[in-house]
Amino acid sequence: MSAPNIDTIVSLAKRRGFVYPSSEIYGGLGSAWDYGPLGVELANNVRQAWWRWMVYERDDIEGLDSSIILNRLVWKYSGHEETFTDPLTECRKCHSRFRKDELHKQPPDRFVRVGVSDTSGLIVSPMCPNCDATDWTEPRPFNLMFRTHVGATAEDDADALVYLRPETAQGIFINFLNVLNTSRRKLPFGVAQIGKSFRNEVTPGNFIFRTREFEQMEMEYFVRPGEDEQAHQEWIDACHQWFQSIGISGDNLRLYEQPKEELAHYAKRTVDIQYRFFPERDDEERHWDELMGIANRTDFDLRTHSKKPEDSEGKRLNPDSTEDLSYFDEQTKQRFYPYVIEPAAGVNRTVLALLMDAYSEKTTDKGETRVILKLHHSMAPIKVAVLPLAKNKPEIVGMAKAIKRSLQPVVRAVYDDTGGIGKLYARQDEIGTPFCVTVDHQSLEDEAVTVRDRDTWEQERVKVADLATYLLQRLTEQA
Ligand code: ATP
């Protein structure tokens, strides 16, 4: 089972401290969200798992953390100043603004016939999601980059204009030579980065799915031209597998081949990994949306940031760059611009997919419905909760607190005595804690505790001396 819709997760997330609406005491800020005590742990687990998989477990990838604000020229030559736009259209009746392509993703009953074309095909128009009108302005390109300015200059000083980065990738390209030279790498190799990106989205929404401030996990894998297609396919397969390794069901993931007309200006081929974010929609095709994109960016980026390339009249294409980002291949004695394969995932969409996928309900013997978040053990914000059966018995409380302290260096553990044991178990199930350890009267006698499993509710008696080893084994045995 997974969540029936995103709304179920919005309410669980707020109730249990995963994600809160941002700036709520001032009426909020459209589509901005803050990560609470459990959300920050879950997001950290995602980042750490990705970094471990990308950087530590492979021998051909380095890490990087570049600036959010870069020289404006980076965005000029990357093409973002000119082309990082969405088609914006406005409802003439209520003046709400939307992304044209998003309007056209509405269900069929949100379209109205507005005429007949010469070839006798019907002309349909999407209805305004706000007021149902069908009178739209001509779409115009709207640049998604947030603008700000650096230094103590006037706000309208064009020389001071800078952008908040809309992707982390460019920070990697402009550091290509730095990483190459300092790590003495040879092709193929990659550079990974995790960090915030900003896009002034026209229609943000669907909780943390689309926000204006979000976090990306991107890796640029540099290869010889000609080896790009195979490397691309290998990364598509590896990323598809990775999402399953952190507990997302393969049934809720699919690969989507971007058609030529959807491809970004730099891409030769792009495959998205989509998640079933909208299972409640009637039309199965509309269940899916992007979790991650894996693009073959060719040599576009390294070439465009290089000083050498010239046009047919011998004029430099980039007169501002001071470097040539080409690569000299010792094997073939040739110099060329490497091709780049880019797996780019969102931390926030991964968190949402994990929460949706882990959501399940179970009915107790008494007929009560309980929510259980069956998160993969590696993703669970808290691994073990230590609970005293009687909080008014100092020996039991003391023993429980000592056990919590002894576990903490090994696993993320918490102590909780803020309710009866049934309530405490239910609370831990709802936040996805794999194991509860209960200290009872008997524990004082036999130095043993009860370990309860989140998914089966089965209980086992374990000696305190063996507890850390036992828990570590159970936590890591999950496939
Ligand atoms: P979309 O088509 O949904 O706008 P995109 O194709 O522009 O996304 P990419 O540029 O490929 O997205 O970015 C890589 C990843 O960054 C996406 O797969 C997604 O997980 C994440 N991402 C992009 N835009 C947003 C956003 N506004 N809010 C949250 N995550 C985002």
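Just above sits the structure.
For the structure given in this document, a descriptive report is provided here. (Residues numbered from 1 in each chain as written. Predicted model: local features only at pLDDT ≥ 70, side-chain atom pairs only at ≥ 80, totals over all residues. Heavy atoms only, no water.)

### Observations concerning the overall build of the protein chain
Each helix and strand counted, the protein chain has 14 helices and 25 strands in total. Taken along the three principal axes of its C-alpha coordinates, the protein chain extends 90 × 65 × 50 Å. By residue count, 49% of the 479 residues in the protein chain fall in the buried class. Of all intrachain contacts in the protein chain linking residues separated by at least 6 positions in sequence, the fraction that spans at least 24 positions is 63%. Counting 61 positive and 77 negative side-chain charges, the protein chain places the centres of these two groups 3 Å from one another. (Helix = DSSP H or I, 4+ residues; strand = E, 2+ residues; numbered from the N terminus. Buried < 20%, exposed > 50% of the residue type's maximum accessible area, 1.4 Å probe, protein only. Contact = heavy atoms within 4.5 Å. Lys, Arg positive; Asp, Glu negative; His and termini not counted. Charge placed at Lys NZ, Arg CZ, Asp CG, Glu CD.)

### Describing the sheet that holds strand 23 (residues 435-439)
Spatially, the 5 strands line up as an open sheet ordered 22-21-23-24-25, and their pairing is mixed. The sheet is open, and its two edges are formed by strand 22 (413-415) and strand 25 (459-463), each paired on a single side. Adjacent strand axes in the sheet meet at a mean angle of 25°, parallel and antiparallel pairs treated alike. Where strand 21 (residues 384-388) and strand 22 come together, 3 bridges link them in parallel fashion. In the sheet register, Ala385 faces strand 22, and the bridge partner there is Val414. Docked against the sheet, helix 11 (residues 394-407) engages strand 21, strand 22, strand 23 and strand 24 (448-453), running at close to 165° with respect to strand 21. (Pairing = 2+ DSSP bridges. Axes fitted to C-alpha atoms, helices over the stretch in contact; angles between N-to-C directions.)

### Things to note about the environment of Lys100
Note on placement: Lys100 falls in helix 5 (residues 100-103). For Lys100, a relative accessible area of 36% puts it in the partly exposed group. Separated by 102 residues in the primary sequence, Lys100 and Val202 place their C-alpha atoms 9.8 Å from one another. With sequence-adjacent residues up to four places away left out, Lys100 is seen in contact with Pro87, Thr89 and Pro139.

### Describing the site of the ligand
Near the ligand you find 16 residues, and of these Glu201, Arg210, Thr211, Glu290 and Leu291 are the closest. In the model, a nitrogen atom of the ligand is placed 2.8 Å from a nitrogen or oxygen of the Thr211 main chain. The side chain of Arg349 places a nitrogen or oxygen atom 3.1 Å from an oxygen atom of the ligand. Out of a free accessible area of 590 Å², the ligand has 84% covered by protein chains. The set of elements that each furnish at least two residues to the shell around the ligand consists of strand 12 (213-223), strand 15 (289-298) and strand 18 (339-346). Counting residues per element, the shell around the ligand draws most heavily on strand 15, at 4 residues. Within the shell around the ligand, the residues separate by chemical class into 6 nonpolar, 4 polar and 6 charged. (Near = heavy atom within 4 Å. Polar contact = N/O pair within 3.5 Å; in protein donor to acceptor, adjacent residues only side chain to side chain. Areas by Shrake-Rupley, 256 points an atom, 1.4 Å probe, with all protein chains shown as cover. Nonpolar A, V, L, I, M, F, W, Y, C, P; charged D, E, K, R; others polar.)

### Quick notes on a nonpolar patch on the surface
Judged by side-chain polarity, Ile68, Ile69 and Val150 come together as a nonpolar surface patch covering roughly 210 Å² of accessible area. Summarising the element assignment, Ile69 is placed in the loop between strand 3 (61-63) and helix 3 (72-77). (Patch = residues over 30% accessible without salt bridge, like charges linked within 9 Å, V, L, I, M, F, W, Y side chains within 5 Å. Salt bridge = Lys/Arg side-chain N within 4 Å of Asp/Glu carboxyl O.)

### Some thoughts on the nonpolar core
Buried together is how nonpolar side chains tend to be arranged in soluble globular proteins. Ranked by size, the top nonpolar core spans 67 residues in total, and within it Phe18, Trp50, Trp235, Phe243, Phe277 and Leu352 carry the most contacts. Ranked by residue count, the leading element in this core is helix 2 (residues 37-56), at 9 residues. Ranked by size, the runner-up nonpolar core spans 20 residues in total, among them Val384, Met399, Ile403 and Val449. (Core = buried A, V, L, I, M, F, W, Y, C linked by side-chain atoms within 4.5 Å.)

### Re the pairing of strand 21
The buried fraction of strand 21 is high, at 5 of 5 residues. Burial of strand 21 is two-sided: the residues Val384, Val386 and Pro388 facing one way and the residues Ala385 and Leu387 facing the other way are all buried. Note that strand 21 and strand 23 share 5 bridges and pair parallel. Bridge pairing links Ala385 to Cys436 in strand 23.

### Describing the pattern of salt bridges
Applying the stated criterion to the full structure yields 39 salt bridges. As a salt-bridge pair, Glu215 and Arg47 come within 2.8 Å of each other at their nearest N and O atoms. Here Arg47 lies in helix 2 and Glu215 lies in strand 12, a separation of 168 residues in the sequence. Arg461 is the salt-bridge partner of Asp446, the closest N and O atoms lying 3.4 Å from each other. Residue Asp446 is located in helix 13 (residues 441-446), and its partner Arg461 is located in strand 25; the two are separated by 15 residues in the primary sequence. The class of Asp446 is partly exposed, set by a relative accessible area of 21%. On the accessibility criterion, Arg461 (34% relative accessible area) is partly exposed. One connected set of salt bridges, linked through shared partners, spans Asp86, Arg99, Asp101, Glu102, Lys105, Glu201 and Arg210.

### Structural notes on the packing of helix 2 against helix 8 (residues 228-245)
If you want to describe how two helices pack, look at the angle between their axes and the distance between the axes. Between helix 2 and helix 8, whose axes approach to 12 Å, the crossing angle comes to 140°. When the axes of helix 2 and helix 8 are compared, the pair comes out oblique. Crossing angle aside, the handedness with which helix 2 passes helix 8 is right-handed. In this structure, helix 2 uses Val46, Ala49, Trp50, Trp53 and Met54 to contact helix 8, whose residues at the interface are Trp235, Ala238, Cys239 and Trp242. A breakdown of the residues in the contact of helix 2 with helix 8 according to their chemical character gives 9 nonpolar, no polar and no charged. (Parallel < 35°, antiparallel > 145°, perpendicular 65-115°, else oblique. Left-handed = near helix turned anticlockwise from the far one by under 90°.)

### Considering the packing of helix 2 against helix 10 (residues 347-358)
The geometry of helix 2 relative to helix 10 is characterised by a closest axis approach of 10 Å and an angle of 110° between their N-to-C directions. With respect to each other, helix 2 and helix 10 are oriented roughly perpendicular. Taken as a pair, helix 2 and helix 10 cross one another with a handedness that is right-handed. Residue-level inspection shows Leu42, Ala43, Val46 and Arg47 of helix 2 in contact with helix 10, the latter providing Val347, Thr350, Val351, Leu354 and Leu355. Considering only residue class, the contact of helix 2 with helix 10 consists of 7 nonpolar, 1 polar and 1 charged.

Take it as geometry only, folks, not as evidence of what the structure does.
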